[in-house]
Every structure is written in structure tokens, then in C-alpha cells.
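Listed here are the chains, written in short residue letters.
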Amino acid sequence: MDKPLSVNRFRYHFSIARLVFWTCIFLGLILLFFFHSPHSSSSSSTSDSAPRRILADPDWESRVIKSGKPRSRAGGLRVLVTGAAGFVGTHVCATLRRRGDGVVGLDNFNAYYDPALKQARRSLLERADVFVVKGDINNPTLLSKLFELVQFTHVMHLAAQAGVRYAMKNPSSYVHSNIAGFVNLLEVCKSANPQPAIVWASSSSVYGLNTKVPFSEKDRTDKPSSLYAATKKAGEEIAHTYNHIYGLSITGLRFFTVYGPWGRPDMAYFFFTKDILKGKPITIFEGPDHFSVARDFTYIDDIVKGCLGALDTAKKSTGSGGVKKGPAQLRVFNLGNTSPVPVSKLVNILEKLLKVKAKKIVLPMPANGDVLFTHANISLAQRELGYKPTTDLQTGLKKFVRWYLNFYTRTGKTSNV
Ligand SMILES: O=C(O)[C@H]1O[C@H](OP(=O)(O)OP(=O)(O)OC[C@H]2O[C@@H](n3ccc(=O)[nH]c3=O)[C@H](O)[C@@H]2O)[C@H](O)[C@@H](O)[C@H]1O
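Residue numbers here run from 1 along each chain, matching the order of that chain's written sequence. Whole-chain, interface and lining totals are the exception, using all residues; otherwise, since this is a predicted model, local features are given only for residues with pLDDT of at least 70 and side-chain atom pairs are given and counted only at 80 or more. Hydrogens and water are ignored here; the side-chain numbers use all heavy atoms of the structure.

Visitor: Is there a simple way to explain the site of the ligand in this structure?
Guide: Throughout this document, a residue counts as near a molecule or strand when at least one of its heavy atoms sits within 4 Å of that molecule or strand. Neighbouring residues of the ligand: 24 residues in total, closest Arg165, Ser203, Ser204, Ala268 and Thr283. Two N or O atoms count as a polar contact when they lie within 3.5 Å, although within protein this holds only if one can serve as hydrogen donor and the other as acceptor, and sequence-adjacent residues are included solely when both atoms are side-chain atoms. Within the side chain of Tyr228, a nitrogen or oxygen atom sits 3.4 Å from an oxygen atom of the ligand. Here an oxygen atom of the ligand sits 3.0 Å away from a polar atom, N or O, in the main chain of Phe285. Computed with a 1.4 Å probe, the accessible areas rest on the Shrake-Rupley method; for each residue, only the protein chains presented here act as cover. When isolated, the ligand has an accessible area of 700 Å², and the protein chains bury 93% of it. Broken down by secondary-structure element, the contributors of at least two residues to the shell around the ligand are α10 (268-278) and β8 (281-286). Polar here means any residue outside two lists: the nonpolar Ala, Val, Leu, Ile, Met, Phe, Trp, Tyr, Cys and Pro, and the charged Asp, Glu, Lys and Arg; Gly therefore counts as polar. For the shell around the ligand, a count of residues per class yields 14 nonpolar, six polar and four charged. Numbering goes from the N terminus for both helices and strands, where a helix is a DSSP run of H or I of at least four residues and a strand is a run of E of at least two.

Take a look at the structure:
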């Protein structure tokens, strides 16, 4: 009798120990999964740019609050500008601040192109009294903190993974910034009280392989030729959803190949300038049957006027704290120049301005996501935003070249694309 009892007791203790052991292993795995899951690292970590101690730093907070306060204009806007150290972002921030609006910049200062240029733009904005927070639009803790410190009336969303051809090299960066980042931003905006009105950068690339010109907002946009274009098109659909469900006022601006001082080194006009000056060959793409590839190049000051026109005419969002109270404004506008110029002509203008002959290599356009031409119909933006571009390519490139020579002589560097 005794023996079987002790055997049973032994078995009993053994199975309890086994149960405890496997429970511990199971809990350990759950904890391991939780701390290493992408969700937990993107939502709770502020590591890459805005560590928790910064979010609790009174000095950091007072800089955000001060920058977000309108200066002179009674009833000035309070604008959060994402992508503030980017090309368009820098110009928009400086112009808004100059007219007296409150502006807080946000930028993750990634290394897609020369971070030194982004830092130089940030210094320019510091001198213009705009504080640029280093942080990512994928960080909800940081975004919520900014909305806690400043009651933004508007968000000018310019942070994005730009560039048409780079999408073949790093497709996930487009999904991360242009889709996940945009959704994250909209989630925070929809929950804000009051909700801000949102103006954001879409792209002429949504017209994709369309052949009817000029491109009109009424045209279909279901033939993107690059992943970049597809993510911008997705952004337009996502904007529709957030407008529909939460009453967010959203305006999308389709920019047409924006160029000018403080521009992006990954764009053709910029690296053509660098290579022509260095005596390096440049490649000019052409279409089938020697078709001249052309762009509706649009000067930065004209684009900035369009951005401000969109901010100033944006109606208020109708929801609050995540609940829609009524229908809200949803708009999309072309911001182009309405006069396409062949890329070969752009090169001729640069040669004259730089007083250096380019070493040109003409090649058939590879299947790299590029489209053959762009041409904007801007009558809607003209009517609704008072948008009227005034700078032709010759004049705009002259200003760009002057800036380029001055900037890279002063800093003693050449552009590292
Ligand atoms: O409007 C937009 O929405 C987009 O505009 C811009 O794209 P694109 O219009 O393609 O400008 P960009 O790269 O400067 O090429 C210009 C021309 O040079 C040709 N090109 C280019 C490179 C080269 O080596 N040779 C060449 O001929 C090339 O074939 C093209 O015809 C932004 O980068 C993009 O982020 C987005 O905002």
C-alpha cells in the first residue's frame, strides 16, 4: 500500500514541477516576443530620435511651445510641419514663420541623401525661429506629446520617402514612410481635440502612364509606374478613409518636379549640376523613337505659395477625439508650372549658367519607374487657392545655380548625393 502511495506522490510532485517549468518557459517566450515585436519597438520606443528623457525635458517642451506660438498675426495658424528639414518643408516653415504663424518642425534626418544638407537647413530654420524636433512620424508617443504641448490648427505633412527610381532599391522605405507613417500621423490627428486640418504632399507621379495631357484632377490615377507613385496614390485613398470616418479635413497637393535653392541632391537638375562641374558624364534618358522626355518643372517659391494657399483655405475638421461630427472637406490639387520642358533643354540651360559643356550620354529610358512626360492642368488650384506660378525654368535654375555655387563654396564640400 505504502509503495504505490509514495510513487503517486512522487508522480504528483513531478507533474507540478513540470507544469511550473513549462509555464515559466511559456511566460518567458511571451515576454521575449512582446519586447522584440516591431509593434512594441515602434510604438513605445522613441530611441532613434526622441528618447523618453527628451520628451520629459522642460527645456525641450518650452522650445516646442514657443515655436508653436503665432507671433504677430492675430489668429495666426499653429502648424506642425513634418519633413521640416526637407527641401519643401524648410521653405514652407520659413515662410509661415516669417508671416507670424506658429510652426513646429519634425524630421527624422534620415540618410537618404546628405544629412549635412538637412542640418544646414535646420540651422537656417533655427535662425528663422523655427524649432525642428528630431523624430519620426512613425512614433505615436512623440506625435501625441507634440499635440499635448501645442493645439495645432493645421498639419503640413511633407515627410515622405521621395524619389521615383530609388523605390526599386529600397521598396520597404516607401511603405514605412508613405503608408505606415501617414496612417500613424492620421491616427494621432483624428484623436486630437481639436482635430487639425491636414495638407499633405501627394505627387504628379500618380498620373503614371496616362497619355492625355495636361493632367487634370478629374483624370483616373490607377496606372502608377513606380512603387513611389503607388504609395502616393495609396495615400490619397487613405486620406479619403480618414476624412470619411473621422471628419478630418484633408487636402492633397500633387507636386510636379519641384526644384530650386536648398533642393534635393537626388534629383536630376541637382546631380547634373554637380557632375557637369566635375566634368563627369551625365545620362539623359529618351523615350521610344527618340521621344524627348519632359517635365513640368515647378519652382519652389511657386510651390510654397500653393502650400500656403491650401493651408489658408482649408476648412476645419469636423470631428474631435476620434468621433466624426459631420462631413469634412476633402480636396486634391495639381501644383505644377503648366509648361513642360524637355530634360535636354534643362541640361542646355545648366551648361550656359555654369559655363561648362556637359558630357552627355543619351540612353533609352530604362524600366526604372520614370514616366515620359508630366504636364499639369492647374485651373482648379488657380480658382480655389489663388495659385499662379510665375517662375520659368531659366529664371528658377539661375537662382538654384547661384545658391549651389555659394553653398558648396562656403561649406568647402561637394554634394554627396
Ligand atoms: O513630380 C513628382 O511627383 C516627382 O518629381 C521628381 O521626380 P522626377 O520628375 O522623376 O524628377 P527627377 O528625378 O529629377 O528626374 C527629372 C527628369 O530627368 C530624367 N533623368 C533622371 C536621371 C538621369 O540620370 N537622367 C535623366 O534623364 C528623368 O527621366 C526625368 O524625366 C521627384 O524626384 C519625385 O520625388 C516626385 O516628387
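Past the structure itself, the notes keep going.
Visitor: Just checking my understanding: could you explain the packing of aromatic side chains for this structure?
Guide: Working definition: an aromatic ring pair is given by the centre-to-centre distance plus the angle between the planes. To pair, rings of Phe, Tyr and Trp, with the six-membered ring standing in for Trp, must have centres within 6.5 Å; the planes then decide the type, stacked if under 30 degrees apart, edge-to-face if over 60, and tilted in the middle. Summed over all chains, the structure comprises 31 aromatic pairs. Between Phe400 and Tyr404, the ring centres sit 5.8 Å apart and the planes meet at 55 degrees, which makes this aromatic pair tilted. One end of the pair is Phe400 and the other is Tyr404, both in helix α14 (residues 393-410) and four residues apart, which spans about a single turn. Ring centres 6.1 Å apart and planes at 75 degrees place the aromatic pair Trp403 and Tyr408 in the edge-to-face group. Each member of the pair, Trp403 together with Tyr408, is buried. Linked through ring pairs, Tyr259, Trp262, Tyr269, Phe270, Phe297, Tyr299, Phe400, Trp403, Tyr404, Phe407 and Tyr408 together constitute an aromatic cluster. Positioned above the aromatic ring of Tyr113 is the side chain of Lys118, whose terminal nitrogen or guanidinium carbon lies 4.6 Å from the ring centre. Three exposure classes are used, based on accessible area relative to the maximum for each residue type with a 1.4 Å probe and protein chains only: buried under 20%, partly exposed in between, and exposed over 50%. A ring has a charge above it when a Lys NZ or an Arg CZ is no more than 6 Å from the ring centre and no more than 35 degrees off the ring normal.

Visitor: Hey, could you run me through the environment of Gly263 in this one?
Guide: Of note, Gly263 is situated in the loop between β7 (258-259) and α10. The sequence separation of Gly263 and Trp403 amounts to 140 residues, and the corresponding C-alpha distance is 9.7 Å. In what follows, residue pairs with any heavy atoms lying within 4.5 Å of each other are defined as contacts. Apart from residues lying up to four places away in sequence, Gly263 is in contact with Phe87, Leu117, Arg121, Tyr269, Phe270 and Trp403.

Visitor: Is there a simple way to think about the sheet that holds strand β1 (residues 78-82) in this case?
Guide: The pairing of strands in a sheet comes from backbone hydrogen bonds and takes either a parallel or an antiparallel form. Read across the open sheet, the seven strands follow the order β3-β2-β1-β4-β5-β6-β11; overall the sheet is parallel. The two strands at the open ends of the sheet, each matched to only one other strand, are β3 (131-134) and β11 (330-335). Within this sheet the neighbouring strands show an average axis-to-axis angle of 20 degrees, counted without direction. In this scheme, strands are said to pair when DSSP sees at least two bridges between them. Both β1 and strand β2 (residues 102-107) contribute to a ladder of five bridges, which runs parallel. Axis lines are fitted to C-alpha atoms, over the contacting stretch for helices. Their N-to-C directions set the angle, which ranges from 0 to 180 degrees.

Visitor: It is not clear to me how the UniProt feature "domain: NAD-dependent epimerase/dehydratase" (unreviewed entry) in the protein chain should be interpreted in this structure. Could you clarify?
Guide: UniProt positions are given in the numbering used here, feature names are shortened, and annotations may be inferred rather than shown by experiment. On the UniProt side, "domain: NAD-dependent epimerase/dehydratase" (unreviewed entry) is annotated at positions that read residues 79-315 here. Taken as a whole, residues 79-315 contains 43% helix and 18% strand, while its terminal C-alpha atoms sit 14 Å from one another.

Visitor: Please explain α10 as it appears in this structure.
Guide: Taken residue by residue, α10 has Tyr269, Phe270, Phe272, Thr273, Lys274, Asp275 and Ile276 as its buried positions. Immediately downstream of α10, the backbone of Gly279 shows phi near 75 degrees, a positive value.

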